[in-house]
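Examination of the molecular architecture
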Amino acid sequence: MHTVLIADDQPNIRTILQTMLERNNYICLEARDGQEALDISESIHPDLIILDVMMPHIDGFDVCTRIRRVDQSIPILLLSAKDDITDKRIGYQLGADDYMTKPFNEEELLLRIGALLRRTTRALHADHSEDPGNLQTDASPGASTILRVGNLTIDLLRHKVTMRDQTISLTPTEFNLLTAFASNPDIVLTKEELIERVWGENYLGDAISIPAHIRHLRSKIEENPSLPTYLETIWGFGYRLNSQKNL
């Protein structure tokens, strides 16, 4: 069973979320403010955090920032009463994996939680499935567990990304997004294709800000994120990873 930390200063929201999640076999932890959320996440390490943006003492954005300094792997879903693209952009730039507005649809929230946990679980299983000294590739003919584009290397088994032998720390969403591009170098991927590959074809993705995720990914792989040369925008179509550039 997965453990979910619910961080929200409104008791009724915590109760609604706890009832919904426990009905679907999740174990719930509660935090009444940002400091409690940080304390619990540090001591118990939940599988996923649902984080309210507007909380006293330390707001959700600050909590997200502090968690990402020490843990890039835990999925973070932000909840906010503000349906504002600026807040969504800030959330994604700080390392959140998803963003939903209040009031929320229970079915959609459960779908998003499930999608985030599946991606993280697959990554963790891959990370521990092989001993580092005895690495074996997939048994299928021609299959590989390593993707290379220029100086960028993605180890699919260990969930590890390096560039010029320097490790790049990515969130689960960023890792899956970069893997989608590296698996299809020089091919333009549309927003719809990225959502299907990274979030799943049944994911309700109207609120997914692909540009925000792209900006955050560029900040980690581009020498000059404001003038990207590797992860290119193809205006009117989508994005592509340019294999002709020496990453």
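That block above? That's the structure.
Description of the structure in this document. (Residues numbered from 1 in each chain as written. Predicted model: local features only at pLDDT ≥ 70, side-chain atom pairs only at ≥ 80, totals over all residues. Heavy atoms only, no water.)

1. Structural notes on the overall build of the protein
Basically, it comes down to this: Numbering of helices and strands starts at the N terminus; helices are DSSP runs of H or I of at least 4 residues and strands are runs of E of at least 2. Whether a residue is buried, partly exposed or exposed follows from its accessible area with a 1.4 Å probe, protein chains only, as a fraction of its type maximum: under 20%, in between, or over 50%, in that order. Here, residues are in contact when the closest pair of their heavy atoms is within 4.5 Å. Note on areas: Shrake-Rupley with a 1.4 Å probe; residue coverage comes only from the protein chains shown.
Assigned secondary structure in the protein consists of 8 helices and 11 strands. Across the 247 residues in the protein, those meeting the buried criterion constitute 49%. Nonlocal contacts in the protein, meaning residues at least 24 apart in sequence, comprise 57% of its contacts between residues at least 6 apart. Of the accessible surface of the protein, which amounts to about 12,300 Å², a share of 49% is contributed by carbon and sulfur atoms.

2. Quick look at the sheet that holds strand 1 (residues 3-7)
Heads up, the rule is: A strand pair is defined by DSSP finding two or more bridges across the two strands. Axis geometry follows a simple rule: fit a line to the C-alpha atoms, using only the stretch in contact for helices, then measure angles between N-to-C directions, giving values from 0 to 180 degrees.
The sheet built from 5 strands is open, its strands ordered 2-1-3-4-5 with parallel pairing. Strand pairing shows two members of the sheet lacking a second neighbour, strand 2 (27-31) and strand 5 (98-101), which therefore form its edges. Averaged over all neighbouring strand pairs, the angle between strand axes comes to 20°, with direction disregarded. Of the strand pairs in this sheet, strand 3 (residues 48-52) and strand 4 (residues 76-80) are connected by 4 bridges, and their pairing is parallel. Bridge assignment links Ile 50 to a residue of strand 4, and that residue is Leu 77.

3. A short note on the sheet that holds strand 9 (residues 166-168)
Read across the sheet, 4 strands follow the order 6-7-8-9 without closing on themselves; strand pairing throughout is antiparallel. Edge strands, defined here as strands with exactly one partner in the open sheet, are strand 6 (146-149) and strand 9. Within this sheet the neighbouring strands show an average axis-to-axis angle of 25°, counted without direction. Strand direction decides the pairing type here: strand 8 (residues 160-163) and strand 9, joined by 3 bridges, are antiparallel. If you follow Met 163 over to strand 9, its bridge partner there is Gln 166. In the packing of helix 6 (residues 172-182) onto the sheet, contacts are made with strand 6, strand 7 (152-155) and strand 8, and the angle to strand 7 comes to roughly 115°.

4. A word on helix 2 (residues 34-44)
Basically, it comes down to this: Whenever a nitrogen or oxygen atom comes within 3.5 Å of another N or O atom, the pair is scored as a polar contact, on the condition that within protein one atom can donate a hydrogen and the other can accept it, and that pairs from neighbouring residues in sequence are kept only if both atoms are in side chains.
Those residues of helix 2 that sit buried are Gly 34, Ala 37, Leu 38, Ile 40 and Ser 41. Contact partners of the buried residues in helix 2: strand 1, strand 2, strand 3 and helix 3 (60-70). The backbone nitrogen of Gln 35 has a side-chain oxygen 3.1 Å away, supplied by the residue at the start of helix 2, namely Asp 33. At the exit of helix 2 stands His 45, carrying a positive phi of roughly 55°.

5. Structural notes on the pattern of salt bridges
Note the cut-off: By definition, a salt bridge exists where a carboxyl oxygen of Asp or Glu is found within 4 Å of a side-chain nitrogen of Lys or Arg.
Throughout the structure, instances matching the rule amount to 13 salt bridges. The closest approach of N and O atoms between Asp 62 and Arg 66, which form a salt bridge, is 3.2 Å. Taken together, the residues Asp 62 and Arg 66, both in helix 3 and 4 residues apart, mark about one turn of the helix. Looking at Asp 62, the relative accessible area reads 28%, which means it is partly exposed. Since its relative accessible area comes to 33%, Arg 66 is described here as partly exposed. With its nearest N and O atoms 2.8 Å apart, the salt bridge here joins Arg 240 to Glu 232. Residue Glu 232 is classed as buried on the basis of its relative accessible area, which comes to 16%. Salt bridges here are not isolated pairs; linked through shared partners, they connect Asp 8, Asp 52 and Lys 102.

6. What to know about the nonpolar core
Formally: Nonpolar cores are built from buried Ala, Val, Leu, Ile, Met, Phe, Trp, Tyr and Cys residues. Side-chain atoms within 4.5 Å join them into one set.
In terms of nonpolar packing, the biggest core is built from 28 residues, with Val 161, Leu 178, Phe 181, Leu 194 and Ile 210 touching the most fellow members. For this core, the elements supplying multiple residues, two or more each, are strand 6, strand 7, strand 8, helix 6, helix 7 (191-199), helix 8 (210-221) and strand 11 (238-241). Among the elements that line this core, the one with the most residues is helix 6, at 6 residues. Leaving out residues up to four positions away in the same chain, Leu 194 has contacts with Leu 177, Ala 180, Phe 181, Leu 189, Trp 199, Ile 210 and Tyr 239. Among the nonpolar cores identified, the runner-up in size contains 23 residues, and Leu 51, Phe 61, Cys 64 and Tyr 92 belong to it.

7. Concerning the side chain of Asp 155
Considering the arrangement of structural elements, one finds Asp 155 in strand 7. A relative accessible area of 9% means that Asp 155 is categorised as buried. Asp 155 has contacts with Thr 145, Ile 146, Lys 160 and Phe 175, leaving out every residue within four places of it along the chain.

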